[in-house]
Amino acid sequence: MKRQLLILATMCAGLCLTGDNFAQAATVPPVQQDGHGKDTPKDPTDPSLRTEQQLGGSMLFEALYQKALTVLRDPRRLEHPTFLAGHIWDFWQDAGHPRGIWRQTTLASFRTQLPGWRTKLDLDRLSKDEHRDWVFHGAICLQPKERYCLIELSEKGREDRTLREYDTQAGLFISNGFTFYGKNLSVAWVDRDTLLVSQNEETSKKDNENSVSVVRRIIRNQNFSQALEIARAQSAGSMFHPLNVVDSDGQSLLLLQKSLPENATKFGLLDGMDTAFHGDGSGHVKWLDLPERIDFVGMMRGQLVFSLHQDWFSPDGGRVRTGSLISVDPESKDKIISILFSAGEKEDILETSVIHDGIVAVFRHDGDTHAVLFLASPTEHVTWTHRDIPLPKQEAIHIAASDVASGQFLLETEGFLDPPHIWLMQPDMAQPFVIRQSPPLFESTSLTVEHFTTASADGLQSPYFLVHPVGMKKDEKNPVILMTSGDVGSLQPSAYDSVMGSLWLERGGVLAVADIGKDGHEVERFASVGRDLSARHITTAAHLGIKGRPTEGLLMSQAFVRYPSLWNAVVMNMSSPDKTDTKHSEYDTIFDGMKEGVHYPEPFIVSSLLDDATNPVGVRSLVAHLNALSLPFFYDNGSRNEESDTNDAEKTAREQALETVYLMQRLAETH
């Protein structure tokens, strides 16, 4: 029998249902929506049909979906501000604007209780006028004035992107302006009439998988195929991203970022390229001698700043730990690398942003998160100092926005049970002050947070947080979702998750959030937390599930194959495009380890269309191995992913509701 997730009936608002409802399958028509939102018959062999019937057909699904949608569109939630063209900009969705509006206000107005927003782009009106179902993905703007931008759009349900030139001052798309359409587009402005654009180009018409990333210089009114070639990748496993870097002094550099398999990255300085109407010189790329696992932070006084994600030995032989900040003068023949911040053994940089005379950074020290301001000296030979930014202790700190020109920046703090606050920091201020805060978006007065640390068999430390009801019984029957504290190799997520709180925590569920690091032992640390939850009698494998984010497909795959006995539910979000070589995939190696006779938990796979030509290689490999072993699985091909519909509240609500029903059915039990 299944235990229902229960809290006080007065808090359920009519949404707490009986345990029998968890497993009830509905007789819903087998339909799906095409790219234009029209219902079309579903192939009865489509694995997502079972998901619709058993999960989407549950009596609980509709209540969860409506609850999630209400939370996602709650008018009281905080905005996501961005400094742009001297103003504060925000993309906002609510019931009246389901596709969203891109809007603008002043910083002074943003600091008031009711900011005076001015709509600059209405996606609902644009979709109606153009008979397209547009989804907004952001803007790429020409520095430093940021008047002209490329607005990034996609049609609902499709991964192809459309980039259209937009005037932020006039609030209009530019007639006959730059326009691009396709997949895997990466664009950088060079000047008003020149762009650098990278896109995959086929090397063989017979095999569309044989495509490589190519960077071209495009001038106004020129087609991509006619444009000057700047660089071409040598293999399908590499991808270029052009960058135009501008610092607060007005200096600019053109860089090429080359993404390689296994999260490796190279950076090259593009020099000598002719701009529009000045010739056809392609210039040359000088690749910088840097560690391969690094992130680009920005440029300060002509110095390129990077954060390290690997231990590294500098040219002078000194060891620099992962999580450190380094700078390099790309024009220097001496290849001098300076260390801005040397991370300690338990320190790691999470987020960074360049401001007028320094860098604001968020880093983690022994499980605690801090904000730090690094300041560059005004001297010719730059030296660096740093100081802590005083903030209340919270589980998460984010850099919400920063402005290079003015030196102002916004920080966001939040806790698992503490709603977000936005803090403003201005030059010469000793400490920031709160300018906006969110009210509670889910009932948390009956919840509490604990912090634990465990160790794997080989001594690897794994700190984790546990969010649970006050007075939770340690009877080994608590339904627990285990997640990581951030996408592996990426930024930290929000700690205050109003959807998770409303759908899971309010109903008596437990959430464990593990800090597993980025040192190559992530899955071992993750598994050790699962064992520790059982050792503390909080739960058992029968009531423990794991849930991954879009960039954690590899981690969830390893946890599923290597430690199947530790959990009873696995949400494998594999919707981000696979960056590895499709012919030599790490996923094949992982799933080849699946053996007949081993009990694997029935997984819930989230991805894009289950199609050999478009689906991420990890999904194709997993489904093939599951089918070969005649193992059942749930599959959803209509959910949100990082490459499409990221601003679609309806899709996000649907995904979260389906996953919650799955987790309830697998992990809960009734008395």
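Scroll up to find the structure this text is about.
Keep in mind that what you see is a predicted model, and the values were worked out from it rather than measured.

Calculation notes
Residues numbered from 1 in each chain as written. Predicted model: local features only at pLDDT ≥ 70, side-chain atom pairs only at ≥ 80, totals over all residues. Heavy atoms only, no water. Pairing = 2+ DSSP bridges. Helix = DSSP H or I, 4+ residues; strand = E, 2+ residues; numbered from the N terminus. Axes fitted to C-alpha atoms, helices over the stretch in contact; angles between N-to-C directions. Buried < 20%, exposed > 50% of the residue type's maximum accessible area, 1.4 Å probe, protein only. Salt bridge = Lys/Arg side-chain N within 4 Å of Asp/Glu carboxyl O. Disulfide = S-S within 2.5 Å. 1 Å grid on protein atoms, 1.4 Å probe; cavity = no way out; pocket = protein on both sides within 12 Å on 5 of 7 lines; lining within 4 Å. Points joined across faces, edges and corners; volume = space filled by probe spheres on them. Nonpolar A, V, L, I, M, F, W, Y, C, P; charged D, E, K, R; others polar.

A.B. asks: Give me the sheet that holds strand β13 (residues 194-202): which residues, what numbers.
C.D. replies: Pairing is antiparallel in the open sheet, where four strands are placed in the order β12-β13-β14-β15. Here the strands that pair on one side only, and so sit at the sheet edges, are β12 (186-191) and β15 (228-232). Going from strand to strand, the sheet's axes swing by 30 degrees on average, the running direction of each strand aside.

A.B. asks: Describe in detail the environment of Met 500, supporting the description with residues and values.
C.D. replies: Its place among the elements puts Met 500 in helix α7 (residues 498-505). With a relative accessible area of 7%, Met 500 lands in the buried category. On a C-alpha basis, the gap between Met 500 and Ala 657 in space is 9.9 Å, while along the polypeptide they are 157 residues apart.

A.B. asks: Outline the pairing of strand β17 (residues 252-260), supporting the account with residue identities and numerical values.
C.D. replies: Across the nine residues that make up β17, a large majority, eight, are buried. As defined by bridge partners, strand β16 (residues 239-246) adjoins β17 across eight bridges and the pair is classed as antiparallel. Across the sheet, residue Leu 243 finds its bridge partner in β17, namely Leu 255. Between β16 and β17, which pair antiparallel and follow one another directly, the connecting turn spans five residues, one of which, Gly 250, has a positive phi of 90 degrees.

A.B. asks: I'd love a proper account of the pattern of salt bridges, names of residues and values included.
C.D. replies: Applying the stated criterion across every chain, the model contains 31 salt bridges. Close ionic contact of Arg 220 with Asp 193 constitutes a salt bridge, the shortest N to O distance being 2.8 Å. Remark: Asp 193 occurs in the loop between β12 and β13 and Arg 220 occurs in the loop between β14 (211-219) and β15; sequence separation between them is 27 residues. Of the charged contacts in the structure, one is a salt bridge between Glu 229 and Arg 216, with a shortest N-O distance of 3.8 Å. In this pair, Glu 229 sits in strand β15 while Arg 216 sits in strand β14, placing the two residues 13 residues apart along the sequence. The network of salt bridges with common partners includes Glu 165, Arg 192, Asp 193 and Arg 220.

A.B. asks: Could you give me a rundown of the state of the cysteines, with the residues and numbers involved?
C.D. replies: Applying the stated rule across the entire model yields one disulfide. Put simply, Cys 141 and Cys 149 are joined by a disulfide, and their sulfur atoms are 2.0 Å apart. Here the S-S torsion is close to 100 degrees, and the disulfide linking Cys 141 with Cys 149 is therefore right-handed. Residue Cys 141 is classed as buried on the basis of its relative accessible area of 13%. Classification of Cys 149 as buried rests on a relative accessible area of 0%.

A.B. asks: Describe unusual backbone geometry, and please don't skip the residues or the numbers.
C.D. replies: Going from Gln 143 to Pro 144, the amide bond is cis rather than trans, its omega being 0 degrees. Along the chain, Pro 144 turns up in the loop between β7 (134-141) and β8 (148-155). Here Glu 146, not a glycine, exhibits a phi torsion of approximately 60 degrees, which is positive. For Glu 146, the location among the structural elements is in the loop between β7 and β8. The exposure class of Glu 146 is buried, given its relative accessible area of 12%. You will see that Glu 476, though not glycine, has its phi angle at about 65 degrees, which is positive. Relative to the assigned elements, Glu 476 resides in the loop between β35 (461-469) and β36 (480-484). Since its relative accessible area comes to 33%, Glu 476 is described here as partly exposed.

A.B. asks: I'd like to hear about empty space enclosed by the protein, residue by residue, with values.
C.D. replies: Counted according to the given criterion, the structure contains five cavities of 30 Å³ or more. Of the voids in this model, the second largest cavity is the one considered here, and its volume is about 50 Å³. Residue lining of the second largest cavity: Ile 481, Val 499, Met 500, Leu 503, Trp 504, Lys 547, Gln 656, Thr 660 and Leu 663, and that is the complete set. Of all elements in the fold, only α7 and α12 (649-667) reach the threshold of two or more residues within the lining of the second largest cavity. Here the lining of the second largest cavity takes four residues from α7, the largest share from any one element. Class assignment of the residues belonging to the lining of the second largest cavity gives a composition of six nonpolar, two polar and one charged.

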